[in-house]
Amino acid sequence: MKHYQTASLVGAIFVALVGCQNILPTQTSTPKLVINNSDDAQISQKLAKQALASQLSYDIVESLTVEVGPRLAGTEKDIVAVEWAMEKLWLMGFDKVYKESVQVPAWSRGTAYASVVSPYEQPLVVTALGGSIATPVNGIQAPIVRFESLEELTHASPGRIEGKIVFIDHKTERHITGKGYGESVGGRSRGAIAAAEKGAVAIVIRSIGTDHDRMAHTGMMRYQEDVPKIPAAAMSNPDADLINAMLKRDPKVVLSLNMTSENQGIATSYNVIAEVTGSSKPDEIVLIGAHLDSWDEGTGAIDDGAGVAIVTTAAKLIQDLPQKPARTIRVVLFAAEEVGIVGAKAYAEQHADELDKHYIAAESDFGAGPVYKIDFNVNPATYEQVKQEHSAMTLFGVEMGNNEASGGPDVSIMPALGVPVASLRQDGTDYFDYHHTPNDTLDKIDPKKLAQSAAAYAQFAYMMAQSEIDLRPLKQKQQQH
């Protein structure tokens, strides 16, 4: 901080000494943002104020977590969630409410137990990673071999690993953007493949989380057809610290692991969809989505009950306007995001013939924190116009960002299909404290912060539904024709 303050002071003195600023290099910054005060922008501000004053978003996520709770894709509770969503959306009065079937993998977590056998006998808190196979009935007992990251594991010699339990000890760093998750999650998703290729009998990772609670973080892992399948689990962060302390005293730590998880084939789930029908361009679509499924450890409040509440509230406020927006606003509650964005892939296939009618898409799947910035991924030639058009969002704490958005997990497949996207960036500083754990419960949600996110989505969706800006780059339009 002192460095930046000093640099600023030197710059100020330099300007003062030369007497004027016009001798400094010409800046190539973007045009100054002036708040859009058009009729549409004023309506968007009214929508935001309504959202901020409303309990609707909190009521929705409370209903989902209390009346349904955990809803792992492919389970009975997943279908209960679909029925809950259909009824909720109908009662809210959307113009259309329907569902589309999706084939999803079914998996049962079973039980997971682990303990240190030597040099110091102690139980550990672990959970199976999603999709993992079980251990043999009598479990696995083997020495552990520690790696700081997936990258270190991939460069290790098989001789260090064969017959052992791999322990990936990659800590997830806390950040408002959640970027630490992206740096460590590879060990969860691809660690079992890398370990099995070198002869490991199992893998246990440090939880991909930023908390210090003695709770393990689950999440999806992968296998590869030509590589043996080995059991995969995550241990709590305090237990990972405990293992490290043991390794400092004795490099030969022996672990016992017993898991009963099971892959159960394929089940049917559904994408649930609601629409506010556009008044003059009903065939053009502004998509705002979230995912309906959750892991089975908590009640799925922040992941992604909050997202369901945010986009549903935003669309409901627009539905209730005296005059419908020009374009159709489509709320998509995707199935089976947690197990591989399965519902999103099905949606893209089922709606392939109308993707060119999707004006823009965005997804809320980063908890219940407030939106602090909006990024776009649109035609670079019209990006500045888009920012200007949405400038009224800055009145509610949302800054204009860059033109490099991914849109969110489910929506991230759409830019490659020619669909412009936006990312409404939520404060994720504490998101990975609770993500994929039993601690993902309603009490972690601040109703005011949740309402602010709903306000941001309402502004965004309405302005996009009214916009006259060409969002698609020329090369994308040429590919479509």
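Analysis parameters
Residues numbered from 1 in each chain as written. Predicted model: local features only at pLDDT ≥ 70, side-chain atom pairs only at ≥ 80, totals over all residues. Heavy atoms only, no water. Helix = DSSP H or I, 4+ residues; strand = E, 2+ residues; numbered from the N terminus. Rg over C-alpha atoms; globule rule 2.2 N^0.38 Å. Buried < 20%, exposed > 50% of the residue type's maximum accessible area, 1.4 Å probe, protein only. Contact = heavy atoms within 4.5 Å. Areas by Shrake-Rupley, 256 points an atom, 1.4 Å probe, with all protein chains shown as cover. Lys, Arg positive; Asp, Glu negative; His and termini not counted. Charge placed at Lys NZ, Arg CZ, Asp CG, Glu CD. Phe/Tyr/Trp six-rings, centres within 6.5 Å; stacked < 30°, edge-to-face > 60°. pLDDT = per-residue confidence, 0-100. Pairing = 2+ DSSP bridges. 1 Å grid on protein atoms, 1.4 Å probe; cavity = no way out; pocket = protein on both sides within 12 Å on 5 of 7 lines; lining within 4 Å. Points joined across faces, edges and corners; volume = space filled by probe spheres on them. Patch = residues over 30% accessible without salt bridge, like charges linked within 9 Å, V, L, I, M, F, W, Y side chains within 5 Å. Salt bridge = Lys/Arg side-chain N within 4 Å of Asp/Glu carboxyl O. Axes fitted to C-alpha atoms, helices over the stretch in contact; angles between N-to-C directions. UniProt positions renumbered as here; feature names shortened; annotations may be inferred. Parallel < 35°, antiparallel > 145°, perpendicular 65-115°, else oblique. Left-handed = near helix turned anticlockwise from the far one by under 90°. Nonpolar A, V, L, I, M, F, W, Y, C, P; charged D, E, K, R; others polar. Polar contact = N/O pair within 3.5 Å; in protein donor to acceptor, adjacent residues only side chain to side chain.

**Points about the overall build of the protein**
Helix and strand content of the protein: 15 helices and 16 strands. The C-alpha radius of gyration computed for the protein amounts to 25 Å, which stays within 12% of the reference 23 Å derived for 481 residues, consistent with globular compactness. If you line up the protein on its principal axes, its C-alpha atoms span 70 × 65 × 45 Å. Here the protein, with 481 residues, has 56% of them falling under the buried criterion. Considering only intrachain contacts with a sequence separation of at least 6, the fraction spanning at least 24 residues in the protein is 82%. Carbon and sulfur atoms form 52% of the exposed surface of the protein, whose accessible area is close to 20,800 Å². In the protein, which carries 42 positive and 59 negative side-chain charges, the distance between the mean positions of the two groups comes to 5 Å.

**Notes on the packing of aromatic side chains**
Within this structure, the stated rule accounts for six aromatic pairs. Measuring from ring centre to ring centre gives 5.9 Å for Phe366 and Phe432, while their planes differ by 65 degrees; the resulting arrangement is edge-to-face. Of the two residues, Phe366 sits in the loop between β13 (358-363) and β14 (371-377) while Phe432 sits in helix α13 (residues 431-434), which places them 66 residues apart along the sequence. Seen in terms of ring centroids, Tyr431 and Phe432 are 4.9 Å apart; in terms of plane orientation they differ by 75 degrees. Their pairing is edge-to-face.

**Remarks on the confidence of the model for the protein**
Per-residue confidence for the protein gives a mean pLDDT of 92; residues scoring 70 or more make up 92%. Here residues 477-481 is modelled with pLDDT under 50, and outside its nearest four sequence neighbours on either side it reaches five contacts, counting other chains as well.

**Let's talk about the pairing of β13**
Across the six residues that make up β13, a large majority, six, are buried. Here strand β11 (residues 281-291) pairs with β13 via five bridges, running parallel. Note on β13: the bridge partner recorded for Gly289 is Glu363.

**Brief notes about the layout of surface pockets**
Its volume calculated, the largest pocket comes out at about 1,200 Å³. Lining the largest pocket we find 48 residues, and of these Tyr181, Arg188, Glu337, Asp365 and Pro409 sit closest to its centre.

**Describing the environment of Val204**
Tracing the chain through its elements places Val204 in strand β7 (residues 202-206). Take Val204: its relative accessible area is 1%, and that puts it in the buried class. Distance from Val204 to Ala233, taken between C-alpha atoms, is 4.8 Å for residues 29 residues apart in sequence. In this structure, Val204 is in contact with Ile165, Val166, Phe167, Ile168, Ala233, Ala234, Met235, Leu255 and Leu257, ignoring residues within four places of it in sequence.

**Some points on a negative patch on the surface**
Together, Asp59, Glu62, Glu67 and Glu87 make up a negatively charged patch on the protein surface. It is helix α3 (residues 56-67) that provides the largest number of residues to the negative patch, a total of three residues. Relative to the helices and strands, Glu87 is located in helix α4 (residues 76-91).

**Some remarks on the sheet that holds strand β8 (residues 232-235)**
Judged by pairing direction, the sheet is mixed, and its eight strands sit side by side in the order β3-β2-β9-β5-β6-β7-β8-β4 without closing on themselves. Each of the sheet's edge strands pairs with one partner strand only, and the pair in question is β3 (122-124) and β4 (126-128). For this sheet the average axis-to-axis angle between neighbouring strands, irrespective of direction, equals 30 degrees. As paired strands, strand β5 (residues 140-147) and strand β6 (residues 165-168) are joined by four bridges and run parallel to one another. Within β6, the residue paired with Val145 across the bridge is Val166. The strands touched by helix α8 (residues 186-197) within the sheet are β6, β7 and β8, with β7 carrying the most contacts at an inclination of about 150 degrees.

**Notes on the UniProt feature "domain: Peptidase M28" (unreviewed entry) in the protein**
UniProt marks residues 271-460 with the feature "domain: Peptidase M28" (unreviewed entry), using the numbering shown here. Spanning residues 271-460, this segment combines 28% helix with 24% strand, and its end C-alpha atoms are found 23 Å apart.

**Some remarks on the packing of helix α2 (residues 39-53) against helix α14 (residues 447-466)**
Taken N-terminus to C-terminus, the directions of α2 and α14 make an angle of 155 degrees; their axes are 8 Å apart at the nearest point. Compared by their axis directions, α2 and α14 come out roughly antiparallel. The hand of the α2/α14 crossing is right-handed. Contact residues: α2 offers Asp40, Ala41, Ile43, Ser44, Gln45, Leu47, Ala48, Ala51 and Leu52, while α14 offers Ala451, Gln452, Ala454, Ala455, Ala458, Gln459, Tyr462, Met463 and Gln466. For the contact of α2 with α14, a count of residues per class yields twelve nonpolar, five polar and one charged.

**Observations regarding the side chain of Asp440**
The residue Asp440 is located in the loop between α13 and α14 in this model. Buried and without a salt bridge, Asp440 has Arg71 as its closest oppositely charged side chain, separated by 6.8 Å. Within the local environment of Asp440, its side chain forms a polar contact with the backbone nitrogen of Ala301, the two atoms lying 3.0 Å apart. At 3.3 Å, the side chain of Asp440 forms a polar contact with the backbone nitrogen of Asp303. Not counting residues up to four positions away in its chain, the partners in contact with Asp440 are Gly298, Thr299, Gly300, Ala301, Ile302, Asp303 and Tyr434.

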